[in-house]
Amino acid sequence: MFKGRSEGNVVYKCTVRLLEDDEILECEFQPNHKGNFLLEYVCEQLQITEKDYFGLRFIDNFKNRNWLDLSKTIIKQVKDVDPLVLSFRIKFYPADPGRMSLNGKYMVFQQLKRDLRHGRLYCSLNEGATLGSLIIQDELGDYDREIHTENYAQSLRLALRQTDQLERKAIELHKKREPGLEASVVYDEFIALARTLETYGIDPHPVKDHRGTQIYLGINFTGISTFQTGKRLQHYRWHDVHKLNFEGKMFIIHLTFTDDRREVKKHTVGFKCTSGVTCRYVWRCAIEQMLFFTLPSSSHASVMSGGGFFSFGTKFRYTGRTEREIMSERLAALNKDGSNTSPSKRKASSVPATPSSPQGELLDIRYNTLPRSTMSEPLGNTDQASSVYCPDPILETVCEERRGVNGSGVVHSGVGDVIGNDDHLSDYYFRDSFEHSSQESGFTSVIDARAGGPYRQFGVTSGGGDAVPLGFQNSVNNAALIIQQNATNDARIKKFSILHAFIPSFLIVLILLAVSTVFILESESDVFRQIKDWPEMLSLNYQYYQPFKAYMAKTFGGIF
């Protein structure tokens, strides 16, 4: 990654690899640009309207794959990556690609071809031959006896394990195809077949189950699946997934489902990843897939906490639109276009042109650098949607009750009062709340009478020349004593620190928790056997407790 200066502004350059390996796109961005800026630019060059399905992926210096976060600045995410090379890929495989635009379906077709060539789209021999014949049709056109001779499919890359048998079957099917079909028909047939495969939209993550067997975890719009030698072993639907979290290297799925007897059951499944970083990556991918395909709108997304107690937690906030929002918006656009356009509307090009490098100064390119979630609006009327999709009220300032000030400077409560000076009122409001104002106490009026005022009729003067009745004097003394005691109590309350109460309580709870955990892990009783088999306890035992015991035994000798 290198940078240059143009008109005093720093400009960074990067390379984006497209779905075809020989196609690249040179992009530029500034330090304040967020990930959404690059994705917007690439999708505009490719004329893709459904940009929410796509993403940019890169590999860091530790050889870990990462999706570029669209809501964060680019430079902070890739500051150590040099040279900066991003890959444009489909992040969320659509549940029904047939509803996408023509360019969108073409990108899905390109991605599925890539998955088939890299072994991610697993299929049988007949299915592979059918998909291979469609690839031949797309790249070589209709079958021609004079041009297509011998094994002409050998020059094409159809699958990861491409055999002669696969090539022969693909050629036979290619010969039988009806000539003169448009390219869009080939895309639709290819996508329709690939959509029915169990590995559609699967990016396999290597994990181990509770027996230590090497399997692969796949996540797509239907849920989470486990695979071994290309066959699906288990499938957890999003409807049954209650919670997703991780503990160290352990990725944990909490399930809630109804059995045959219509009884609600809870089950927990754990998978061990290769490292803690990989586990967090798998957890984030699963969270994003689940929210994208299940939430009705992005406004329903809440902050997700993934890490357990010993993983120091990882919070994630979903940004961007959901599939329901995208489909609803496209349906509304199609209805609008259908009513305003004539039947003689020209069909768009079936294949988008290969993009070129950006021209002109970067400052002339007008893009919105804000995250997509802040730009998206709920469907329908804005006023109605805000009341439906906003579960929490808007946060007010310090004075939540819209307190005002009367003519004498006394704070009073009123809905229709207007706040004049926010800074002064906020400070006065806090002082008046904790230190009772002089006009809220009944004793103050009596004391004010000594200085002359409405109580002068009782014979009390400011100079003290007249005698004060004994009962009245005692009441004044008692009032002064009570005020002094209240002031002392207020001072004591102010000296109270929450840390003095929190720290001992936290230490006691931590010690009790540690003692209880050690007791459960060391106990051989059948009572705690089920607790010891929890994925969290297994992760705690093998990743933290056992190494700690070994260290203590080595350091202090036969104590442990």
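Above this text sits the structure in question.
Residues numbered from 1 in each chain as written. Predicted model: local features only at pLDDT ≥ 70, side-chain atom pairs only at ≥ 80, totals over all residues. Heavy atoms only, no water.

## A few points about the side chain of Glu167
Note the following rule: Here a strand is any run of E in DSSP of at least two residues, a helix any run of H or I of at least four, and the numbering for each starts at the N terminus. Exposure is judged per residue with a 1.4 Å probe applied to protein chains only, and the accessible area is read against the type maximum: over 50% gives exposed, under 20% gives buried, and values in between give partly exposed. Working convention for charge: Lys and Arg count positive, Asp and Glu count negative, and His plus the chain ends are omitted. The term salt bridge refers to a side-chain nitrogen of Lys or Arg lying within 4 Å of a carboxyl oxygen of Asp or Glu. By definition in these notes, contact holds between two residues if any of their heavy atoms fall within 4.5 Å.
Note that Glu167 resides in helix H5 (residues 164–176). Buried Glu167, no salt bridge; nearest opposite-charge side chain is Arg168, N-O distance 7.2 Å. Those residues in contact with Glu167 that sit more than four places away from it in its chain are Asn151, Ala153, Gln154 and Gln162.

## Points about the packing of helix H3 (residues 102–117) against helix H4 (residues 125–140)
Condition: Helix axes are fitted only over the stretch in contact, all axes being lines through C-alpha atoms; the angle between N-to-C directions runs from 0 to 180 degrees. Should an angle lie under 35 degrees it is considered roughly parallel, over 145 roughly antiparallel, and from 65 to 115 roughly perpendicular; all remaining angles are considered oblique. If you view the pair so one helix is near and one far, a crossing is left-handed when the near helix is turned anticlockwise from the far one by less than a right angle, and right-handed when it is turned clockwise.
At their nearest, the axes of H3 and H4 sit 12 Å apart, and the two run at 125° to each other. In terms of orientation, H3 lies oblique with respect to H4. H3 and H4 meet at a crossing whose hand is left-handed. Residues Phe109, Lys113, Leu116 and Arg117 of H3 touch H4, and the partners they reach there are Leu131, Ile135, Asp138 and Glu139.

## Considering the pairing of strand S6 (residues 85–90)
For clarity, the cut-off: By this definition, two strands are paired if DSSP reports at least two bridges between them.
Along S6, five of the six residues are buried, which leaves the element largely enclosed by surrounding structure. With three bridges joining them, strand S2 (residues 9–17) and S6 adopt parallel strand pairing. By the bridge assignment for S6, Val16 is matched with Leu86.

## Brief notes about the packing of H4 against helix H6 (residues 183–195)
The condition that has to hold: Gly counts as polar in this scheme, as do all residues outside two lists: the nonpolar Ala, Val, Leu, Ile, Met, Phe, Trp, Tyr, Cys and Pro, and the charged Asp, Glu, Lys and Arg.
Where H4 meets H6, the closest approach of the two axes is 10 Å, and the angle between their N-to-C directions is 160°. Compared by their axis directions, H4 and H6 come out roughly antiparallel. H4 and H6 meet at a crossing whose hand is left-handed. Contacts between H4 and H6 involve Glu127, Thr130, Leu131, Leu134, Ile135, Gln137 and Asp138 on the former and, on the latter, Val186, Tyr187, Glu189, Phe190, Leu193 and Ala194. Considering only residue class, the contact of H4 with H6 consists of eight nonpolar, two polar and three charged.

## Brief notes about H5
This is how the line gets drawn: To estimate the expected span of a helix, count its residues, drop one, and scale the result by 1.5 Å. The arc under discussion is defined with respect to the helix axis, by the directions toward the C-beta atoms.
The end-to-end C-alpha distance of H5 is 19 Å, a good match for the 18 Å that 13 residues give at a rise of 1.5 Å each. Residues of H5 that are buried include every one of Leu166, Glu167, Ala170, Ile171 and His174, and no others. Buried residues in H5, looked at end-on, bunch into an arc of 130°, giving them a common side. Seen from the open side of H5, the exposed residues pointing more than 90 degrees away from its buried face are Arg168 and Lys176. If you follow the buried residues of H5, they end up packed against H4.

## What to know about the environment of Val207
One can find Val207 in strand S7 (residues 205–208). Considered as a pair, Val207 and Lys272 are 65 residues apart in the sequence and their alpha carbons are 5.4 Å apart. Those residues in contact with Val207, other than ones at most four positions away along the chain, are Thr213, Gln214, Ile215, Leu217, Phe271, Lys272 and Cys273.

## Examining the environment of Phe54
Residue position: Phe54 is located in strand S4 (residues 54–59). Residue Phe54 is classed as buried on the basis of its relative accessible area, which comes to 3%. As a C-alpha pair, Phe54 and Phe88 span 34 residues in sequence and 7.3 Å in three-dimensional space.

## Notes on helix H1 (residues 35–45)
With eight of eleven residues buried, H1 is to be regarded as a mostly interior element. Along H1, the residues classified as buried are Gly35, Asn36, Phe37, Leu38, Leu39, Tyr41, Val42 and Cys43. Just downstream of H1, Gln47 is the residue with a positive phi angle, here 60°.

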